[in-house]
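Coordinate analysis (summary)
What follows is each chain in one-letter form.
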Amino acid sequence: MAEVPHGPEAAKAPSASPSPTTTPEPPPPAGMSGLGGPRLGQPGVQADLPPGTPALPPVEAYSWLVADMTTGQVIAAKNPHWQLAPASTLKMLFADTVLPKLDKNATHVVDPKELQGLGEGSSAVGVKENLTYKVEDLWNGVFLRSGNDAVHVLCAMNGGVDATVAQMNERAKALHADDTHVVSPDGYDMPGQVSSAYDLALFAREGMKNPDFRGYVSTKDAKFPGKDGTTFAIQNTNQMLSTYPGMIGVKNGYTTNAENTFVGAATRDGRTLMVSIMHVRPGKTYEQTKMLLDWGFAAAGTAKPVGSLVDPGGKPGGTPSGTTASGQTLPGQAAAVPGGAQAVGSSSGDGVSWGLWAGIGVPAVLLGGGGLLFFLRRRGLTRPTVHFEDDILP
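Residues numbered from 1 in each chain as written. Predicted model: local features only at pLDDT ≥ 70, side-chain atom pairs only at ≥ 80, totals over all residues. Heavy atoms only, no water.

Some thoughts on the overall build of the protein chain
Across its full length, the protein chain holds 10 helices and 13 strands. Residues classed as buried in the protein chain amount to 56% of the 394 residues present. Restricting to contacts in the protein chain with at least 6 residues of sequence separation, those with at least 24 account for 70%. Working note: accessible area of the protein chain is about 15,100 Å², and carbon and sulfur atoms make up 55% of it. (Helix = DSSP H or I, 4+ residues; strand = E, 2+ residues; numbered from the N terminus. Buried < 20%, exposed > 50% of the residue type's maximum accessible area, 1.4 Å probe, protein only. Contact = heavy atoms within 4.5 Å. Areas by Shrake-Rupley, 256 points an atom, 1.4 Å probe, with all protein chains shown as cover.)

Right, dumping it as structure tokens:
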């Protein structure tokens, strides 16, 4: 089932007629984190491909990485520590934080106050006030339909939105997700709310250790409670669960500022790889993710890791320098692909990610005075930006 945006931005959904006009991709900020390895803090594409390794495909996204979920090795990456708006992929951190605290068989009667404060145009699963829901149903609403209404009800059960946001920020610190700052627990666009492809991979990897998390993110469809004891069908917004062999999750998202974000994981021949990708223009995300997963499975036997995902205990996962992503020892060191050497397409969008403003923002560093005003006008940010939450467009 193809996703379509809800709310006032619905008219902006891409059609089959001419491709949307693209704008040049801005340069990544200076001084990105080197957590997981110094190459992960360098701008541009990072890969170490000995002879015989398949070439990387051209990928149209601001930031991405391909990693082995089991070992934590990062096989290739582009600007993985660029702080950008995460959209609904932030719900993975929400689940990492709250899911273990609530009994999935517990029930809860929704107070009307719990549905207040949702952002305009928020995606919703259809939670209704004064109805009784099992916690398990609410999590299906979070993962399958990215329901911000379900998130807010679960927050109420967890001590409130503010308490949950504070817990999520603490959880991010515990996972060494230093690029992440949470303002809204559902991923709705808020000034200062950022994450990175690296951190989203950490959240996914941690979540997949939990069998309930794994179950929710791999569920294609479910029944959700309605009024008068009825139910209605809901489908997972992650279309790759039905189209990509071996896909096991995990979460996608879309907002006006984030554009498309996605973490997808798949298992093939005993190996589980994941792709974390951010700021992809509508209509491209599944295509880009498929290319990176296909490349990763083909290259994992020979490509050398360029970094690793840090374990919660503080030790980086991965293999020593001089080994392949499959653990084989190779003689000598192959020359790495220089950052930015790969031809990479451009992304588009009227909104600019809040990550450009929080941290080391492109406008603040690269533009001054009138240049900043020109940038704002060029990006359409001198007018109010409509913030709505929806999941990935096909």
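Okay, back to it.
Comments concerning helix 5 (residues 197–207)
Burial runs high along helix 5: 11 of the 11 residues are buried. Turning to helix 5, its buried residues number three or more, namely Ala197, Tyr198, Asp199, Leu200, Ala201, Leu202, Phe203, Ala204, Arg205, Glu206 and Gly207.

Describing the packing of aromatic side chains
In the structure shown here, the tally under the stated rule is 8 aromatic pairs. A ring pair is formed by Phe94 and Trp139, whose centres lie 5.4 Å apart and whose planes are at 45°; its orientation type is tilted. Taken together, the positions of Phe94 in helix 1 (residues 91–98) and Trp139 in helix 2 (residues 135–145) put the pair 45 residues apart, joining distant regions of the chain. On the numbers, 5.6 Å between centres and 10° between planes, the contact of Phe143 with Tyr216 is stacked. In this pair, Phe143 sits in helix 2 while Tyr216 sits in helix 6 (residues 211–218), placing the two residues 73 residues apart along the sequence. Accessibility expressed as a relative area gives 5% for Tyr216, which makes it buried. Each member of the aromatic cluster is reached from another via a ring pair, and the members are Phe94, Trp139, Phe143, Phe213 and Tyr216. (Phe/Tyr/Trp six-rings, centres within 6.5 Å; stacked < 30°, edge-to-face > 60°.)

Brief notes about the pattern of salt bridges
Evaluated as defined, the whole model comprises 13 salt bridges. For Glu60, the salt bridge goes to Lys284, with nearest N and O atoms at 3.8 Å. Of this pair, Glu60 sits in the loop between strand 1 (45–48) and strand 2 (63–68) while Lys284 sits in the loop between strand 10 (271–280) and helix 8 (285–299), placing them 224 residues apart in sequence. Neither Glu60 nor Lys284 differs from the other in exposure class; each is buried. (Salt bridge = Lys/Arg side-chain N within 4 Å of Asp/Glu carboxyl O.)

What to know about the side chain of His81
Here His81 lies in the loop between strand 3 (73–78) and helix 1. When its relative accessible area of 3% is taken as the criterion, His81 is described as buried. Polar side-chain contacts of His81 include one of 2.8 Å to the backbone oxygen of Leu35. The contacts of His81, once residues within four sequence positions are left out, are Met32, Ser33, Gly34, Leu35, Leu40, Asp179, Ser196 and Tyr198. (Polar contact = N/O pair within 3.5 Å; in protein donor to acceptor, adjacent residues only side chain to side chain.)

Some details on the packing of helix 1 against helix 2
Packing of helix 1 against helix 2 leaves a shortest axis separation of 10 Å and a crossing angle of 155°. Here helix 1 is positioned roughly antiparallel relative to helix 2, judged by the angle of their axes. In this structure, the crossing between helix 1 and helix 2 has a hand that is left-handed. Contact residues: helix 1 offers Lys91, Phe94, Ala95 and Val98, while helix 2 offers Trp139, Val142 and Phe143. Along the lines of polarity and charge, the residues of the contact of helix 1 with helix 2 split into 6 nonpolar, no polar and 1 charged. (Axes fitted to C-alpha atoms, helices over the stretch in contact; angles between N-to-C directions. Parallel < 35°, antiparallel > 145°, perpendicular 65-115°, else oblique. Left-handed = near helix turned anticlockwise from the far one by under 90°. Nonpolar A, V, L, I, M, F, W, Y, C, P; charged D, E, K, R; others polar.)

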